[in-house]
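Geometric and topological summary
Residue-level listing of the chains:
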Amino acid sequence: MTIAKPVAFEGVGLHTGAPVRMVLHPAPSDHGIVFRRTDITDRNPRIAAIWDRVTPSKLCTLIENEDGVSVSTIEHIMAALVGAGVHNTLIEIDGPEVPILDGSSAEFVAGIQAAGLRALSGALRAIRVLKPVEVREGEAVARLEPAASLVIDFSIDFADAAIGKQEKRLNMANGAFVRELMDSRTFCRQADVDFMRANGLALGGTYENAVVVDGDKVLSPGGLRHADEPVRHKMLDALGDLALAGAPILGRYVGARAGHAMTNRLLRALFADPEAWEWETCSPAQAYSLPGAGVCRAAGLAAR
Ligand SMILES: [Zn+2]
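Here goes a summary of the coordinates provided.

Criteria and thresholds
- Residues numbered from 1 in each chain as written.
- Predicted model: local features only at pLDDT ≥ 70, side-chain atom pairs only at ≥ 80, totals over all residues.
- Heavy atoms only, no water.
- Salt bridge = Lys/Arg side-chain N within 4 Å of Asp/Glu carboxyl O.
- Buried < 20%, exposed > 50% of the residue type's maximum accessible area, 1.4 Å probe, protein only.
- Helix = DSSP H or I, 4+ residues; strand = E, 2+ residues; numbered from the N terminus.
- Donors = N, O, S within 2.8 Å, 3.2 Å for Na, K, Ca; no water.
- Pairing = 2+ DSSP bridges.
- Axes fitted to C-alpha atoms, helices over the stretch in contact; angles between N-to-C directions.
- Contact = heavy atoms within 4.5 Å.
- Polar contact = N/O pair within 3.5 Å; in protein donor to acceptor, adjacent residues only side chain to side chain.

Side note on the pattern of salt bridges
For side chains bearing opposite charge, pairing can occur when the charged atoms are close. Enumeration over the complete set of coordinates arrives at 22 salt bridges. Note that Asp39 is salt-bridged to Arg37, the shortest N-O span being 2.8 Å. The exposure class of Arg37 is buried, given its relative accessible area of 8%. Here Asp157 and Arg257 are joined by a salt bridge, their closest N and O atoms 3.1 Å apart. Linking Asp157 in strand E14 (residues 151-157) with Arg257 in the loop between strand E20 (252-256) and helix H6 (260-272), this pair joins segments that are 100 residues apart in sequence. Relative accessible area serves as the criterion here: at 32%, Asp157 is assigned to the partly exposed category. Assessed through its relative accessible area of 36%, Arg257 is described here as partly exposed. Shared partners join several salt bridges into a network, and the residues in it are Glu134, Arg136, Arg143, Glu145, Asp153 and Arg252.

What follows is the structure in structure tokens.
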């Protein structure tokens, strides 16, 4: 599947605070998700959204090509794409960071739904997880295990009472992302905001596009969109970071206190072990169990 026509988004980058315009274009089968920096003219401006182009970063997911050209904070648009059924698109962007918009994937999904999808010829391949693969860091764990289709199981535990312990598990088939996760926003603590600002980060962050908490208080006006919005957002991030596998994953992802860097380490561990996964050509029934199937109106029936 690709989008039926171009769709544009404008906003500011969460960390740079700089205005940016981004346009999603239709792309052919097997193109994948590729960014193209339209402001770069002296080097290769194309950056494939794939796991081995990820540069570790605690705060966001950043991809960089062999010429050192990068684009950051890609996780929410990546989640929106796979969560709405788009596997192939060329994303033109005129700056180094994806716009944060409302801090969730909701506006991206709305734009993709307005554009609609177009079915492509050629079979859709998926990555079947064959055995458990796990990475750990202190108390944080990220794991992939065999399952019929993608399941995301996440737990977090924060000292701030406004977040506390939260866990949620979702089978991602049949639009679960759009119904349950897409509108959950990035969250952080007021102390993190102070630290990031002091280090020239989060310059585009506001109390509207991030849930900011301090102890037992939610400082963002209007409060939370869901009682467990933080863990839902972690699941959104996980879907976006797993999309960097380059194809849909058939397996169960378990994250405990995990973040962007750990999910990327997990993908690296999966692909480093040839016995841990295999390519599988999706049957029509399998294609219909993928996260974005049935979310958008489509010009064709085949879920490719
Ligand atoms: Zn996020």
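Further notes follow.
Focus on the coordination of the zinc ion
Surrounding the zinc ion are the protein donor atoms His76 (NE2), His233 (NE2), Asp237 (OD) and Asp237 (OD), which sit 2.1 to 2.7 Å from the metal. Motif for the zinc ion, donor spacing along one chain: H-x156-H-x3-D. Of this pair, His76 sits in helix H1 (residues 75-83) while Asp237 sits in helix H5 (residues 229-242), placing them 161 residues apart in sequence. You'll find His76 and Asp237 in the same group, each marked buried.

Points about the sheet that holds strand E11 (residues 125-129)
Spatially, the three strands line up as an open sheet ordered E19-E11-E21, and their pairing is mixed. Since the sheet does not close on itself, it has two edges, and those belong to strand E19 (249-250) and strand E21 (277-281), each with one partner.

Here's the deal with the sheet that holds strand E9 (residues 89-93)
Hydrogen bonding along the main chain pairs the strands of a sheet, whether they run parallel or antiparallel. The strand order E2-E3-E9-E4-E5 describes an open sheet built from five strands, whose pairing is mixed. Looking at which strands have only one partner, the edges of the open sheet turn out to be strand E2 (7-12) and strand E5 (46-48). For this sheet, the mean angle separating the axes of adjacent strands, direction not counted, is 20 degrees. Bridge count for strand E4 (residues 33-37) against E9 is five bridges, and the pairing is parallel. Pairing of Val34 across the sheet is with Leu90, part of E9. Strands strand E3 (19-26), E4 and E9 of the sheet are contacted by H1, whose axis makes an angle of about 140 degrees with E4. Sitting on the sheet, helix H2 (residues 106-115) touches E2 and E3, and the angle it makes with E2 is about 160 degrees.

Points about the side chain of His260
Checked against the element boundaries, His260 lands in helix H6. Under the relative-accessibility criterion, His260 is labelled buried at 10%. Polar side-chain contacts of His260 include one of 3.5 Å to the side chain of Glu75. Ignoring sequence-local partners within four residues, the contact set of His260 consists of Ser57, Lys58, Leu59, Cys60, Thr61, Glu75, Asp237 and Asp241.

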